[in-house]
Amino acid sequence: MANNRLLLVLEYLWRYTDEAHIVTIKELESYLAGKGVHANRKTLTQDLKTLEAFGLDIVCNRSVQNQFFLATRVFDHTEVRLLIDAVQSSRFITPKKSRELTRKLSTFVSETQSQEVDHHLYLDGTVKAENESIYRCVDVIQTAIAEKKKICFQYFEYDENKTKQLRYNGEPYILSPYLLVWNNDRYYVVGYYERRGFVARFRLDKMQNPQVLEDAQIVTENAFDPGEFFSREFSMVDGNKCTVELLCENALMGSIIDHFGTDVPTRIADAEHFIVTTEVELSNMFYAWVFASGGRMQILSPKAVNNEMLSFCKAFQPF
């Protein structure tokens with residue numbers, strides 16, 4: 001009976017108390033009585049001391065009737081709110097899994113706080129993933145990485161009718177996975193892709209039927225450099241390097257710093273513009289970035305790069 005009582009006291013402190021919601025010994029007695037468990041001031045005081053000795057941070061506000069609450073948890077309510085925000089706004093987590101994870105994260109705070117953290121986030125039409133097997137993919141890939149094994153999986157795309165179509169007629173892809181990457185709200189696996197003979201990335205939400213193989217993973221001849229790979233695959237790169245001058249409206253300085261850092265050379269052009277001189281790798285990603293400025297950024301030099309930008313824009317004309 002004492003063990004049951006101790007667990008019920010712990011349950012009450014965990015579920016119902018925080019700095020704004022406290023409990024007295026008398027209220028604990030009443031709660032336990034409702035559960036069919038007898039307790040008194042002496043036994044409950046000892047229970048609270050036992051829980052403190054176990055490591056729980058129970059704070060006592062001393063007054064005519066001492067008041068208690070659980071002060072420290074695994075995560076505080078602000079941390080839980082941040083984690084729930086990340087889950088609910090993430091594109092690769094399906095709506096069903098978002099609800100499950102939100103419910104689980106909410107158990108780390110009191111019930112009153114869980115209602116606050118679960119209902120404050122506004123999502124502006126975020127498109128969520130539909131592939132529930134992404135969680136199995138994560139498990140399979142992490143196992144393969146830990147055991148240095150290959151994986152196989154099927155990979156799909158959507159056709160013009162929004163129907164899933166397996167690539168290579170459903171033939172399995174063979175990959176030696178090196179690491180998982182979360183970039184631009186997408187989850188990727190990076191590894192050595194045998195069919196093409198180079199390191200590649202694949203989106204987990206487009207993978208099906210992943211399995212760990214018995215074969216040992218292939219290690220590339222040259223040491224895999226994650227930093228170099230990410231800069232090539234996820235940035236404005238994968239082309240010829242070139243030093244360019246960009247004429248930008250002053251309001252774009254934040255965007256320039258986001259891409260090139262605070263050390264990038266700039267100079268004032270006039271009251272409304274500045275010029276940035278930097279080395280880029282010419283690619284569609286770079287031209288798309290300039291295009292996305294809506295004319296507020298222009299390529300001053302070299303002339304050949306400016307002409308390439310014009311050709312890029314013409315490609316958007318109707319067929």
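Residues numbered from 1 in each chain as written. Predicted model: local features only at pLDDT ≥ 70, side-chain atom pairs only at ≥ 80, totals over all residues. Heavy atoms only, no water.

Novice: What's the story with the sheet that holds strand 2 (residues 57-61) in this structure? I'm lost.
Specialist: The strands that make up a sheet are held in pairs by hydrogen bonds between backbone atoms, and each pair lies either parallel or antiparallel. Spatially, the three strands line up as an open sheet ordered 1-3-2, and their pairing is antiparallel. Pairing within the sheet leaves two strands with one partner each, and these edge strands are strand 1 (23-24) and strand 2. Both strand 2 and strand 3 (residues 67-72) contribute to a ladder of five bridges, which runs antiparallel. Note that in strand 3 the partner of Val59 across the bridge is Phe69. (Pairing = 2+ DSSP bridges. Helix = DSSP H or I, 4+ residues; strand = E, 2+ residues; numbered from the N terminus.)

Novice: Where do I start with the pattern of salt bridges in this structure?
Specialist: Pairs may arise between side chains of opposite charge once their charged atoms sit close together. Under the definition given, this model contains nine salt bridges. Here Glu100 ties to Lys97 by a salt bridge, and the two come within 3.4 Å at their closest N and O atoms. In this pair, Glu100 and Lys97 are both assigned in helix 5 (residues 95-106), three residues apart and thus about one turn of the helix distant. You can call Glu100 partly exposed: its relative accessible area is 23%. With a closest N to O distance of 2.6 Å, Glu194 and Lys150 form a salt bridge. Taken together, the residues span a long stretch of sequence, with Glu194 in the loop between strand 7 (186-193) and strand 8 (198-203) and Lys150 in strand 4 (residues 149-158) at a distance of 44 residues. Judged by its relative accessible area of 32%, Glu194 falls in the partly exposed class. We classify Lys150 as buried; its relative accessible area is 11%. Ionic contacts of the salt-bridge type, sharing partners, join the residues Glu157, Arg167 and Lys206 into one network. (Salt bridge = Lys/Arg side-chain N within 4 Å of Asp/Glu carboxyl O. Buried < 20%, exposed > 50% of the residue type's maximum accessible area, 1.4 Å probe, protein only.)

So, to be careful, I would describe these as geometric facts and stop short of saying anything about function.
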